[in-house]
Amino acid sequence: MVNRIWLGHFGEGLVRSPDNFGRLGEAPDHPELLDWLASRFVESGWSIKAMHRRIMLSSAYQMSTQYDPACALADPENACCGGLNRRRLEAEPMRDAILAVSGELDLTMGGTLLPTKNHAYVNDTSARGDTRYDSKRRSVYLPVIRSGLYGRLPGV
């Protein structure tokens, strides 16, 4: 789990084969760090939120993405985490940022935007027509109906 959380924040896990631990997978780049994080994870009562916080407050996560020729020469694949690798911004945070900057982001927490009863939409592609996508709430609240996905994020 710690490797998956690290992967989500850095784009690559401490074990580069996150779906294949053990003999057939790759060895961790930093086994001591992985063990230390796993120990903290257990000590915190298996708290995923605490692990996100620990990683995001680390100096490794807060490093600059600015290119450093000396670091690139010494560690071309950045295996030693000499700087943070650049990553594409996903659509959901971009939508939320645009709405926030425009002053239109609705920060209401909780609830659902899905008008159908729980699981009633599973085999019904027409449920997409009843679903509200015009909301200005954070993207995390937009329903995802896999049988009826939109081609772009709505509301922006």
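Here the structure is a predicted model, which is why all the values come from computation and not from measurement.

Thresholds applied
Counting starts from 1 at the beginning of each chain's written sequence and moves along it residue by residue. Where totals are concerned, whole chains, interfaces and linings use all residues; where local detail is concerned, this predicted model gives features only for residues with pLDDT of at least 70, and gives and counts side-chain atom pairs only at 80 or more. Hydrogen atoms and water are omitted, and side-chain values are computed over all heavy atoms in the structure. Counting from the N terminus, the helices are the DSSP runs of H or I reaching at least four residues and the strands are the DSSP runs of E reaching at least two. The cut-offs for exposure are 20% and 50% of the maximum accessible area for each residue type, with area from a 1.4 Å probe on protein chains only; residues under the lower value are buried, those over the upper are exposed, and the others partly exposed. It only takes one pair of heavy atoms within 4.5 Å for two residues to be counted as in contact. Only the protein chains shown count as cover for residues, with accessible areas throughout obtained via the Shrake-Rupley method and a probe of 1.4 Å. Planes of paired rings set the category: under 30 degrees apart is stacked, over 60 is edge-to-face and the rest tilted, where pairs are Phe, Tyr or Trp rings (Trp by its six-membered ring) whose centres lie within 6.5 Å. Any carboxyl oxygen of Asp or Glu within 4 Å of a side-chain nitrogen of Lys or Arg constitutes a salt bridge here. Within this analysis, the arc is defined by the directions that extend from the helix axis to the C-beta atoms. For every element, the axis is a line fit to its C-alpha atoms; helices are fit only across the contacting stretch, and the angle between N-to-C directions ranges from 0 to 180 degrees. When an angle is under 35 degrees it counts as roughly parallel; over 145 it counts as roughly antiparallel; between 65 and 115 it counts as roughly perpendicular; any other value is oblique. Crossings are assigned a handedness: left-handed for a near helix turned anticlockwise from the far helix by less than a right angle, right-handed for a clockwise turn.

Novice: Lay out the overall build of the chain in plain terms, naming residues and giving numbers.
Specialist: The helix and strand tally for the chain stands at 6 helices and 0 strands. The buried share of the chain, taken over its 156 residues, is 25%. For the chain, contacts bridging at least 24 residues in sequence account for 47% of all contacts bridging at least 6. Accessible surface for the chain amounts to roughly 11100 Å². Of this, 55% is attributable to carbon and sulfur atoms.

Novice: So what's going on with the packing of aromatic side chains? Residues and values would help.
Specialist: For any two aromatic rings, the description comes down to two numbers: the centre-to-centre distance and the angle of the planes. Under the criterion given, the structure shown has 3 aromatic pairs. A centroid spacing of 4.1 Å and a plane angle of 20° characterise the contact between Trp 6 and Phe 10, whose relative ring orientation is stacked. One end of the pair, Trp 6, and the other, Phe 10, are both in helix H1 (residues 2-10), 4 residues apart, so they sit about a helical turn from each other. You can call Trp 6 buried: its relative accessible area is 6%. Residue Phe 10 is classed as buried on the basis of its relative accessible area of 10%.

Novice: Got a sec to walk through the pattern of salt bridges? Specific residues and values, please.
Specialist: By the definition in use, this model includes 6 salt bridges. Asp 19 is the partner of Arg 4 in a salt bridge, and the nearest nitrogen-oxygen pair spans 2.3 Å. Placement of the pair is Arg 4 in helix H1 and Asp 19 in the loop between H1 and helix H2 (31-43), with a sequence separation of 15 residues. Judged by its relative accessible area of 42%, Arg 4 falls in the partly exposed class. A salt bridge links Arg 40 to Glu 43, with the nearest nitrogen and oxygen atoms 3.0 Å apart. Residue Arg 40 and its partner Glu 43 are both found in helix H2; the two are separated by 3 residues, about one turn of the helix. With a relative accessible area of 18%, Arg 40 lands in the buried category. Since its relative accessible area comes to 58%, Glu 43 is described here as exposed. A cluster of three or more residues bridged by salt bridges with shared partners is formed by Glu 12, Arg 16 and Asp 29.

Novice: Which residues make up H1, and what values do they have?
Specialist: Within the span of H1, buried status applies to Val 2, Asn 3, Ile 5, Trp 6, His 9 and Phe 10. Viewed end-on, H1 has its buried residues packed into an arc of 160°, placing them on one side of the element. Residues of H1 that are buried sit in contact with H2 and helix H3 (48-56). Backbone geometry just after H1 places Gly 11 at a positive phi near 90°.

Novice: Run through the packing of H1 against H3, naming residues and quoting values.
Specialist: Packing of H1 against H3 brings their axes to within 10 Å, and their N-to-C directions diverge by 45°. One element, H1, and the other, H3, form an angle in the oblique class. As for the relative orientation of H1 and H3, their crossing is right-handed in sense. Between H1, through Val 2, Ile 5, Trp 6, His 9 and Phe 10, and H3, the contact on the second element is made entirely by Ile 48, Met 51, His 52, Ile 55 and Met 56.

Note that all results are geometric; they support no functional claim without further evidence.
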